[in-house]
Structure formats: structure tokens, C-alpha cells
Amino acid sequence: MKPSLRLTGRRLKKLIYPYLPARLKDEYESHRFAQRTRVPNTVYLETTSACNLNCVMCAAQRPATKAIKPSGYMDLGFFKRLVDEIARDLPSIEYVYLHKDGEPLLHPDIVEMIQYASSCHPNVTLVTNATLLDEPMARAILATPLQKIRFSVDGLTRDTFEKIRIQLPSNEFVRTRTDVGYNAVTANIERFLHLRQHTGNTTLNVGIRTTNFKPTSGEIDAYRAHWSAKVDYVDVATLFSWTGEIGKEQSSSREPCLSPWLSLVVSCDGKLVPCCTYIDASGHAKGALFDLNRGTLRAALTANARTALMRAHLDNDLEEVAPYCAPCRDWRDVPIPTRGRKRIFARMREVATGTTS
């Protein structure tokens, strides 16, 4: 669908939707949900898997995980090729994120990546821990057409923040002596917000996110109130399972995780992986679904390993094909609507078996 037609459809929905009866709203939502599973609407491009923090709720930066997946950096030319393919071949993509496991600002070419991606796509998001957001970096980002930036700041107080967002002595970036503490991070964000206003950048949407779990649960309301006065939106995330490494679940009644249908996630080495919180904690490499160094994003849509993963989720038979998914509980984050489930599951099965018209 052309962007102009998509915008017209959204405007019509805003005008009509509030006046629809509840039954028609449910029917519309189930139809829309089924349509969403036909082709992905989100791409994650892992610019780097390196990170200068070892947050307590992130399994990706644990020493054992890093031994299997060392820090890597996506090649700039490869990154541009993927962005070009998204713009040319994948009109369904509504959201592009420039991260997965790592801290994007560690990539030496990150500003050029931001510039290129946000010039080619209308909805690009940079997620950063803001530890490296000094004034030159802030000004460089603000000079690009980037549409969204989201800061990861867990906890409202210094005490809470520094119990969660830690840097282990073994972290490879300890040697840089960057101040990663609460005061430095919040000062970086405050300066960025000031510079946004001072430079007249009115198009960049700025948000902030915290994870809602035991250390932060008592501060969520105050966190929202504090940051809502400063940024455009405040996001409160659930605690991710990281393929069972942070909280496990074994359930015979689990439903399919929608990530394989809704997103394409490319790791910094060019491999298509199942979701944005996938990690290979055992070294089995079963989550490498397609090698984009040897093929295109369009070809990846029908890759045998990707569709096999979908069928394994639909059949709740994960142990052989996707053992990393079996203990994960993140499938609960996007529940399948109760109305129109037959239509939704039929559409998901069509995609998984390659019978979509």
C-alpha cells in the first residue's frame, strides 16, 4: 500500500472507529490482527552486540552469553543494503529499530547509519542507554532526520538505577572510564532535551523506558510523573524472559509467539534470528534462520527455518526445532484476540506453510 493511501486509511479509521458498535470493533480488530500476521511490520537491525553495561535483567551481556556471541559490529555497507531492501522490497515494514543486544552508540559509524536509515524510512527508532550521549554525539544525532529515540533508564532514583544498570569489572569497556552512573546518564538526557529545543528540532520524538520488576515496581507511578514532564512518552516494559534465561516457563497450553510473524530480526553478523530477545545460551546455533550475507530480506520471508519455526509454534512442538523458545514466556506479551481466532490461526498457518495468496 502506498504511504499516502495508508495515511488516508488511518484518518478514516480515526473518524469512524469511535462510533462503531463493540461487535464491529471486535470484528475489525480480529481482521486487522489476521492481516498483520501475513507479513512482518517491524525490522530490528542489530548495529552492534557490544554493550558497556551488564544490566541485571539482560541475559545478552552475561559473560557466559558473550563467550558464545562475542561483541560484533554490523558492516556499514551491509547495513545500507538492508535499509535499501526494506525501502524497496518490504512496503509492509512500519517500524525500523537500530538495536537488539547491544548499545548502538558504540558503533563507530552509528551517526551515518542513523542518517541513512531515517532518510530512507519514515519511522526509525534508536534505543540507547545514554551513557555515551555527550554533547558532540547529541548534536550529531539531532542533525539527522531520525524520527524516534528512546532512552533506557531503569529506576527513578540513583540507588535503584545503580543496582540495576551496572558495569561488571570484566566488561570490555571498563577501560574507557566512561561514567555510566545515574547522575551522568540523566545529565546527558537533560542536555539532549535542551539541545533539541535549542536547535529547533521539532520532528524527533523522544521517549524513555523502565522495566517493571521487583527493584522498580514501587517507583513506577513516580517515574511516569517525573519523566512525562520532560519527554514525549514514557514506556514501562515487562521483564523479558530472554528465551528462558531470565525466568522460565513450561506450559502445555501455551499459544504461538507472534514474533516470527510480526518481525524480522537481523543480528550484527547478518543472521536472521527468531526475535529481538533471542539469545543462543547453549551454542547450538538453531536460532540462525537465514544468512542475509547470502540472500535478501525478501528471500528470508520464506526461508525453510523461519517457516519451520512458525509451524513449531502453531503445533506447540518446540523441543526439536526451537528448544530456545520452549522455556520462554515472552509469547504472553502480544495476546491473540479472543474474537476471530479461527481466522487468525488460519492466516498464521497459511504463512507457515507457504500457502498465502
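Everything here concerns the structure above.
The shown structure was predicted, so the numbers you read here are calculated from the model rather than taken from an experiment.

Engineer: Just to check I follow, could you spell out the nonpolar core for this structure?
Structural biologist: Soluble globular proteins tend to pack their nonpolar side chains together in the buried interior. By size, the foremost hydrophobic cluster in this structure holds 67 residues, and its most contacted members are Phe-151 and Phe-192. Beyond its immediate chain neighbours, meaning those up to four positions away, Phe-151 contacts Thr-128, Ala-130, Leu-133, Ile-189, Phe-192, Val-206, Gly-207, Ile-208 and Arg-209.

Engineer: Mind showing me how you'd approach the packing of helix H6 (residues 135–142) against helix H8 (residues 182–199) here?
Structural biologist: Packed helices, taken two at a time, are described by the angle their axes make and the gap between the axes. Direction vectors running N to C along H6 and H8 enclose 45 degrees, while the axes themselves pass 10 Å from each other. When the axes of H6 and H8 are compared, the pair comes out oblique. Crossing geometry of H6 relative to H8 is assigned as right-handed. Taken together, the residues of H8 that come into contact with H6 (itself represented by Glu-135, Ala-138, Arg-139, Ile-141 and Leu-142) are Arg-191, Phe-192, Leu-195, Arg-196 and Thr-199. Grouping the amino acids of the contact of H6 with H8 by side-chain chemistry returns five nonpolar, one polar and four charged.

Engineer: How should the pattern of salt bridges be read in this particular structure?
Structural biologist: Side chains that differ in charge, positive against negative, can pair when their charged atoms come close. Within this structure, the stated rule accounts for 18 salt bridges. Here Asp-101 makes a salt bridge to Lys-69, at a shortest N to O gap of 3.0 Å. Here the residue Asp-101 occupies a position in the loop between strand S2 (95–97) and helix H5 (110–120), and Lys-69 occupies one in the loop between helix H3 (63–68) and helix H4 (76–89), the gap between them amounting to 32 residues. For Lys-69, a relative accessible area of 26% puts it in the partly exposed group. For Glu-85, the salt bridge identified is with Arg-81, shortest N-O distance 2.8 Å. One end of the pair is Glu-85 and the other is Arg-81, both in helix H4 and four residues apart, which spans about a single turn. Through salt bridges that share partners, Glu-46, Lys-69, Lys-100 and Asp-101 make up one connected network.

Engineer: What's the story with the pairing of strand S6 (residues 233–237) in this structure? I'm lost.
Structural biologist: When a strand is regular, its side chains alternate between the sheet's two faces. For strand S5 (residues 205–211) and S6, the ladder comprises five bridges, and the chain directions are parallel. Bridge pairing in S6 links Thr-210 to Val-236. Viewed along the sheet, the connection from S5 through helix H9 (residues 220–228) into S6 turns out right-handed.

Engineer: What should I look at first to understand the side chain of Thr-125 in this one?
Structural biologist: With respect to the helices, strands and loops of the structure, Thr-125 is situated in strand S3 (residues 124–128). Sequence-distant contacts of Thr-125, that is, excluding residues within four places in its chain, are made with Val-96, Tyr-97, Leu-98 and Lys-148.

Engineer: Help me understand the packing of aromatic side chains in this model?
Structural biologist: Two measures describe an aromatic ring pair: the distance that separates the ring centres and the angle between the ring planes. Taken as a whole and assessed by the stated rule, the structure comprises four aromatic pairs. Here the basic side chain of Arg-36 rests over the ring of Phe-33, its NZ or CZ set 5.5 Å away from the ring centre.

Engineer: What should I look at first to understand the sheet that holds S6 in this one?
Structural biologist: Strand pairing in a sheet relies on backbone hydrogen bonds, with the paired strands running either antiparallel or parallel. Taken together, nine strands build an open sheet; the order of strands is S6-S5-S4-S3-S2-S1-S7-S8-S9 and the sheet is mixed. Looking at the sheet topology across the chains shown, the edges are occupied by S6 and strand S9 (290–291). In the sheet, strand S8 (residues 271–273) pairs with S9 via two bridges, with the strands oriented antiparallel. Within S9, the residue paired with Leu-272 across the bridge is Phe-290. Against the sheet, H9 makes contact with S5 and S6, and its axis sits at roughly 155 degrees relative to S6, the strand it touches most.

What counts and what doesn't
- Residues numbered from 1 in each chain as written.
- Predicted model: local features only at pLDDT ≥ 70, side-chain atom pairs only at ≥ 80, totals over all residues.
- Heavy atoms only, no water.
- Core = buried A, V, L, I, M, F, W, Y, C linked by side-chain atoms within 4.5 Å.
- Buried < 20%, exposed > 50% of the residue type's maximum accessible area, 1.4 Å probe, protein only.
- Contact = heavy atoms within 4.5 Å.
- Axes fitted to C-alpha atoms, helices over the stretch in contact; angles between N-to-C directions.
- Helix = DSSP H or I, 4+ residues; strand = E, 2+ residues; numbered from the N terminus.
- Parallel < 35°, antiparallel > 145°, perpendicular 65-115°, else oblique.
- Left-handed = near helix turned anticlockwise from the far one by under 90°.
- Nonpolar A, V, L, I, M, F, W, Y, C, P; charged D, E, K, R; others polar.
- Salt bridge = Lys/Arg side-chain N within 4 Å of Asp/Glu carboxyl O.
- Pairing = 2+ DSSP bridges.
- Right-handed = clockwise from strand over helix to strand, strands pointing away.
- Phe/Tyr/Trp six-rings, centres within 6.5 Å; stacked < 30°, edge-to-face > 60°.
- Lys NZ or Arg CZ within 6 Å of the ring centre and 35° of its normal.

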